[in-house]
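# Structural overview
The lines below spell out each chain.
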Amino acid sequence: MQTDFSQPDYSRGRYVYNAFCAECHDSGQGGAPTLDDPEAWESRLLGLPSLLMDHATEGFLTMPEKGAHADLSDDAVRDAVHYMMRQVARSE
Ligand code: HEC
């Protein structure tokens, strides 16, 4: 299992995102920040990337732990966050 943060697996991240995260993060459902809205991420990105990872794997306010898919590994969720951050950066 890949655990090196410097080597995110973007293709797995995209797969995980589309399968488990897009339902909220594409539509903004429940106040979820969307990938085409860098401003929604600005204050969140002031946090350490590792903090975003922790929030994604452990839950944060209305964001459910692992997007309510407890069967996902922490690594898979981290790859999804890497993918999300890359997409947000590209939409700027
Ligand atoms: C059921 C809806 C839902 C699903 C599914 C979901 N999210 Fe979220 N997510 C949210 C909401 C709502 C927020 C905003 C939380 C807040 O700030 O109140 C959020 C926030 C986040 C944040 C920002 C956390 C922070 O520190 O500001 C990250 C990162 C994130 N989600 C990643 C993911 C990943 C990765 C997945 C898939 C594994 C996922 N989310 C699936 C609803 C969802």
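The following refers to the structure shown.

How each quantity is defined
Residues numbered from 1 in each chain as written. Predicted model: local features only at pLDDT ≥ 70, side-chain atom pairs only at ≥ 80, totals over all residues. Near = placed C-beta within 6 Å. Helix = DSSP H or I, 4+ residues; strand = E, 2+ residues; numbered from the N terminus. Buried ≥ 20, exposed ≤ 12 C-beta atoms within 10 Å, placed from the backbone. Core = buried A, V, L, I, M, F, W, Y, C linked by C-beta atoms within 7 Å.

Further remarks concern the site of the ligand. The ligand sits among 28 residues. The nearest are Cys 21, Cys 24, Leu 61, Met 63 and Gly 67. Looking at which element gives the most residues to the shell around the ligand, the answer is helix H1 (residues 10-25), with six residues.

Even without being glycine, Leu 61 reaches a positive phi, approximately 50°. Given 7 C-beta atoms within 10 Å, Leu 61 falls into the exposed group. A positive phi angle, close to 50°, is found at Lys 66, a residue other than glycine.

Counting 13 residues, the largest nonpolar core has Val 16, Tyr 17, Ala 76, Val 77, Ala 80, Val 81 and Met 84 as its most contacted members. For this core, the secondary-structure elements that each account for two or more residues are H1 and helix H4 (74-90). By residue number, the principal contributor to this core is H4, which donates seven residues.

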